[in-house]
Amino acid sequence: MHDDIPLTLGRVKRVLEERIRPAIHPVSIPLVIDWHELPGEPIAPADALGLEYTDYQVGTPWGAAWGTTWFRLRGTVPSSWAGKRVEALVDLGFDQTLTGFQCEGLVYRGNGTTVKAINPRNQWIPVADPAAGEESVEYFLEAAANPVLLGHHPFQPTAEGDIRTSSSRKIYATRRMDLAIFEPEVHELALDLEVLLELQAELPQGPRRMRILQAMDNALDGLDLQHITETAPDARTELVEVLSRRADESTHRISAVGHSHIDSAWLWPLRETIRKVARTCSSMVEMLGIDEDFLYGMSSAQQYAWIKEHRPEVYDKVKQAVASGRFLPLGGMWVESDTVMPSGESLVRQFHYGQKFFREEFGVRSAGVWLPDSFGYSPALPQLMRRAGFGWFFTQKISWNQQNTFPHHSFLWEGIDGSRVFSHFPPMDTYNSQLSGEEVARAARQFRESRHATGSIAAVGWGDGGGGTTREMTGKARRLADLEGSPTVRWEHPDAFFARAKAELENPPVWVGELYLELHRATLTSQHRTKQGNRRTEQLLVEAELWSATAAISSGFAYPYAEIDALWKQVLLQQFHDILPGTSIAWVHREVVAEYARVTQGAEAIIAAAQAALVGTGDTTITLNAAPFTRSGVRTGAGAAVADLAPVTDTVTATESPEGFVLSNELVTVAISREGLITSAIDHLSGRETISVGTAANLLQMHQDLPNKWDAWDVDKYYRNQVTDLRGLDAITLATDADGTARVIIERSFSASTLRQDLTLAPGSRVLQIEQTTDWHETEKFLKVAFPFDIRAEQVIAETQFGFHKRPTHVNTSWEAAKFETSMHRFVLAEEPGFGAALVNDSIYGFDVTRDSTEAGVTTNVRLSLLRAPRFPDPETDQGLQSHRYGLVIGADIATATEAGALMNSAERTLTGAHGFEPLVSVEGTGILLSSVKLAGDRSGDLVVRVYESLGRRAAGTVNVHRPVEWASVITLLEDPIEGPGGMAEHTDGSVAIALTAFEVRTLRFSLIR
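Residues numbered from 1 in each chain as written. Predicted model: local features only at pLDDT ≥ 70, side-chain atom pairs only at ≥ 80, totals over all residues. Heavy atoms only, no water.

## With respect to the nonpolar core
Phase 1 of the analysis: Residues I20, F327, F351, W413, L943 and F1006 are the most contacted members of the largest nonpolar core, which totals 209 residues.
Phase 2 of the analysis: Examining the composition of this core, we find that 11 residues originate from one element, helix α17 (residues 586-615), more than from any other. (Core = buried A, V, L, I, M, F, W, Y, C linked by side-chain atoms within 4.5 Å. Buried < 20%, exposed > 50% of the residue type's maximum accessible area, 1.4 Å probe, protein only. Helix = DSSP H or I, 4+ residues; strand = E, 2+ residues; numbered from the N terminus.)

Given below as C-alpha cells:
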C-alpha cells in the first residue's frame, strides 16, 4: 500500500483544531457585563460583592499591572437550550501558553461561595443544567491583572516586578464573556483523537500504529463537518476498538496525582500567592466532584493556612475534600523550602510546623517529603527526614542538570551521617505533566530501575503559577488507564506508590552525599540582604528560645509560645525556594527585607525581656553567651558578672612600615601590604605560612556575569574568563581599639562602586576578621574575594546542617567539574595533614575552589562569593549599601573552624543587672554541640534539648539539666515520643549519658520537678 500516514496525520490535526474543538461549544450568546476596577490592593470578596458596578463592553482594556477588577456576569439561558449542558466561557485576554504567568480569576456566586477559577487553559464556568431554560445566571469574577514577566522573550529587565514601579496602562483586553452550550460527545471525541494522535507518534511502525491511523481515518469519514454535534457519536464508534485494546501486563505503570506546584512567591508577591492558592483549590475541589477517580495533592502548610485565614469559603471545601481522602496534604513542611541554605534548626521547624498544622487541621500526617522544585538538596536531609518520621522523599529538579544525567529514579539516598531514605525522581522529567503521549512514553523509556520496579510518579497539572489539573487531563487519564502501546495511568496516593516501589526494590541503588543541582548555582549569592536576614533571624530565634526557656524555668518568666511560633513561621516562609535563593521579583524582596527587620525587632524584644528576668535589676555589668562554645570565660547559656571574669592577658602588636602593616598576637602574625592585601598569615604553633608564595589574599575580584538565561539563578562557567583584580586603593590606615584590637582600614573605589574593609585581629584570637561595607552599583557583575592557601587540600570541607560535607578540589570527572560554585554555611576549611585554614562568615553561602601546582607546591584558592548584579527578575538586585563579615582562621581544623564560625554568628551580649546566672543546660563531650534549648511545643512546660556530633566521628558525653528532673526521654524532631528502647533516656540528677555516631542529631525531652 502507498504511504498515506502524513495525509492521515494532517487531516486529523486540521479537523481537530479547526472543526471539532470549536464545536465543543457550538452555540453561544453574550452575557451582560458590569465591572468595578479597584484603585489599590485586593479586598475581601464579601466587600466586593456589594460594590457599585457600571456597564462594561467586551474588548475594553482592563487591569493595570497587579490591579484587581471585579466583573459581574449576568444572563438568561434561552428556553431553546432546555436539557442542554450550559457553561459560561470567559477569556480575559489569555495567552494559552502562559498558564499561571498572567491574568487569572476566581468566580463567585452572588451568595459569596466560590465556583472555580479561570485561566488560559480553564476558561469554562459550570451552569446548573436548565431543565426548561429561562434560568437566570449571575456570577462575580475577581480578575487579577498579573503582568507577564517571563514570556516569549524571557529574562528581560522590567520595572513591572514591583507595584511601586509598574506602569499604569491597562495590559489586558477581554475577548469573550458568553453563555454557551457544551457538547459532551464532541469534547470526548476531541480527547479520543488527541490521545490516539499522541500515542501513534510514540509507537514504532507496525500493526498497532497502522490500525490507530486507520481508525482515525474511519472516524473522520463518519464525521459530517457541518453537523459535528450530530455525527460525533458515530465518529467515536469507529475509535472504540483501538481505545479498548488493553496494555501488556509488563508495561510501565504511572501513578498520577493531581498537582499544581504553586510557588509561594516568585514572579508575583506573597499577597497574590494567597489568591493563586484559592483559585487553584477551588478548581481542584470542583474537579474532584466531576471525576470520581481523581486525586489532588498539595504541599505547604503555609498555603493551607493562608486560605484558612483569607478565603475561608474555599478552605471549608478543602477540609471536606481532605476528610474524604481525595485532597492530599503532601510533604509535611511549612513551605517547599530551599534545603541548602537554611540552618539545621530551620529545617527541623519546617517539618515541625508543617506536620503540626496537618495533624491539627486534618488529622493526617505526611509520610514523605515532597520537594519537586528546590535548587539542590543538602546531604543532611536524609537524617532529618528520618528523625522527623518521614519514610520517603520526592523530587524532580535534578532532571535540570546542565551536564550529568542523574543515574537513578528510585533509590536510597544516604546522608552525611549514614541515614538513608527511599527517594523517587520521576523519569517524566516534569512536575507539570499534561499526560501527553510524549511524556508518558518518556517516563517508560527513561525509567532506570525497570529491571526490578514497575512504575513511576507523574505530578499532573499546570503549576509554578497555579492552575492545577484540567478536565482534559483527567479525560486523558481515563483513556490511558489500560491502553495498548502506552504506559498505564492510574490516580494513586504517593504513599501507595512508595510502598509498592519499596517492596519491588529489595536492593535499591544508593546515592551518597548531596543532590547537587548543576544549574542555578548563583542562588547562593543573589539578593544578599535576603540571605543576611535569614542567617541573622535564624540565630536570633534560637537565642530567644534559649533565654526564654532558661528564664521560664529559673524565674517564672512567661514563655512567649505564640510570639516565637509566629516569628518562626515568617522566617520559614521566607526560606521558600524562590525567596531565600534570591530569584523573586523586586516587590517580594522589598517586603522580605522589611519582614526580617520586623522579626529581628520581635526576637530582640523577647531576648531582652527574658534576659532582664534572668539578671534582675541592678548596675552590675553582666555578659551573656548564647553560642555553643564558652566565650570570654562565659559558658553557653550563662550570664556572668564582668568583674568575675579572668582578664585577657594577650595583647596585639601593630606595626607600620613602607611595605605595609603587621598585626600579631600570641597565636598568629598577619602581614598586610600597602594595597590592603594579606601577603602573610603565620600560625605560631606550627610555624606554617598560610598564604601561598607569590600570591596575596583578601584580593577582591570582579567578573562579567551574564548567564545564557535564568539571570538571578545562574552563573555559567565562562564567567571566569573575564576577571578584574580590584587592587586600586583610596586609603589605608592603622588603628587600635580600646580593648587592644588592632584594625587596618581599607577604602577602595572601582567602576561605579565603593568599598570599605576593616581588618581586625583581637587578643587571643587566630581569626583575622574582615568587616566589609560595599556601596554596590554594578550591572551584571559578580564580586568575589580570594584566599590562595599554601595548602595541598585534596578536598575542602564546608559546613552544612548539623555537620559538614567534603568536596574534592580536583575536576577529574564531569561530576566534579560541574561543581564550580558550591555551598557552605558558617565555614569552609582547606586542610592537609597537620595544617589547615578556614574562612568563616556571618551571611555568605556561596564559594568556589580551584587548585594550582607549581614548583613551590600546591595552592588551594578559596573564594567567597559576595555580590551579584543580575537584572532579571529584579533589575535592582543587590544595588546600594551591603555589609559582610567574614574571617580568616589561621591554623584551623574542623574543631576550630566550627567554633570560629559559631562565635561569628552569635553576638556576645552585655547588660546591667543584679547578678549573673548558671546555664539551664550544659553539654560535655568532645565534638558534641548544643543546638537548641526550648520549651516543648505542646506547651506542657517540658524542656526540649537538641545536640549533635559536629566533628564527623563517634562521641560520648552527657547532657546536663541543672534543675530537678522527673524523667527524660529521646524524642523525634517533631517532639513526638519514640517507642521502644530508642526512646529511653536514663538520667542521674538530670544528667543523661549519650553516645552519638558521626553527625548524629539527638533530641531529648525533660520533665522537670516543679
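## Description of the sheet that holds strand β49 (residues 965-971)
Phase 1 of the analysis: The four strands lie next to each other as β46-β47-β52-β49, forming an open sheet whose pairing is antiparallel. The sheet terminates laterally at β46 (928-935) and β49, the two strands that pair on one side only. The average undirected angle you get between the axes of adjacent strands in this sheet is 25 degrees.
Phase 2 of the analysis: Two strands pair when backbone bridges link them, and β46 and strand β47 (residues 943-949) are joined in this way by seven bridges, in the antiparallel orientation. Each residue of the ladder has a partner; that of L929, found in β47, is Y948. (Pairing = 2+ DSSP bridges. Axes fitted to C-alpha atoms, helices over the stretch in contact; angles between N-to-C directions.)

## With respect to the packing of aromatic side chains
Phase 1 of the analysis: Counted by the stated rule, this structure contains 47 aromatic pairs.
Phase 2 of the analysis: On the basis of an interplanar angle of 45 degrees and a centroid distance of 5.5 Å, the ring pair of Y719 and F782 is categorised as tilted. With a gap of 63 residues between them, Y719 in the loop between β29 (699-704) and β30 (723-725) and F782 in strand β35 (residues 781-789) connect regions that are remote in the sequence.
Phase 3 of the analysis: By the ring-pair criterion, three or more aromatic residues cluster together here, those being F101, F155, W266, W268, W400, W710, W713 and F872.
Phase 4 of the analysis: Over the ring of W124 we find K116, and its NZ or CZ is 4.4 Å from the ring centre.
Phase 5 of the analysis: Its guanidinium or amino end placed over the ring of W268, K276 lies 4.3 Å from that ring's centre, counting from NZ or CZ. (Phe/Tyr/Trp six-rings, centres within 6.5 Å; stacked < 30°, edge-to-face > 60°. Lys NZ or Arg CZ within 6 Å of the ring centre and 35° of its normal.)

## A word on empty space enclosed by the protein
Phase 1 of the analysis: This structure, assessed with the given rule, holds seven cavities of 30 Å³ or more.
Phase 2 of the analysis: Its boundaries defined by the atoms lining it, the largest cavity holds a volume of some 500 Å³.
Phase 3 of the analysis: Surrounding the largest cavity, 30 residues form its lining, S343, E345, Q539, R826 and S931 being those nearest its centre.
Phase 4 of the analysis: Mapped by element, the contributors of at least two residues to the lining of the largest cavity are α10 (344-362), α15 (528-555), β36 (795-800) and β46.
Phase 5 of the analysis: A total of six residues in the lining of the largest cavity trace back to one element, the largest contributor, which is α15. (1 Å grid on protein atoms, 1.4 Å probe; cavity = no way out; pocket = protein on both sides within 12 Å on 5 of 7 lines; lining within 4 Å. Points joined across faces, edges and corners; volume = space filled by probe spheres on them.)

## Some thoughts on the pattern of salt bridges
Phase 1 of the analysis: Applying the stated criterion across every chain, the model contains 75 salt bridges.
Phase 2 of the analysis: Across the pair E17 and R21 runs a salt bridge, and its minimum N-O distance is 2.0 Å.
Phase 3 of the analysis: Exposure remark for E17: the relative accessible area of 47% places this residue in the partly exposed category.
Phase 4 of the analysis: Put simply, E484 and R208 hold a salt bridge, and the shortest N to O gap is 3.7 Å. Here the residue E484 occupies a position in the loop between α13 (471-479) and β21 (488-491), and R208 occupies one in helix α4 (residues 207-221), the gap between them amounting to 276 residues.
Phase 5 of the analysis: Via salt bridges that share partners, E41, E104, E142, R271, E272, R275, K276, R279 and R311 belong to a single interconnected network. (Salt bridge = Lys/Arg side-chain N within 4 Å of Asp/Glu carboxyl O.)

## Quick notes on the sheet that holds strand β17 (residues 392-394)
Phase 1 of the analysis: Taken in spatial order, the five strands line up as β16-β17-β19-β18-β22 in an open sheet, and their pairing is mixed. Taken across any chain shown, the strands that pair with only one partner, and hence form the sheet edges, are β16 (368-370) and β22 (510-512). Each strand of the sheet is rotated relative to its neighbour by a mean of 30 degrees, with strand direction disregarded.
Phase 2 of the analysis: Where β17 lies against strand β19 (residues 420-424), three bridges are found, and the strand directions are parallel. Counterpart to F394 in the pairing with β19 is H424.
Phase 3 of the analysis: Against the sheet, helix α14 (residues 494-504) contacts β16, β17, β18 (410-414) and β19, and its axis sits at roughly 115 degrees relative to β19. (Contact = heavy atoms within 4.5 Å.)

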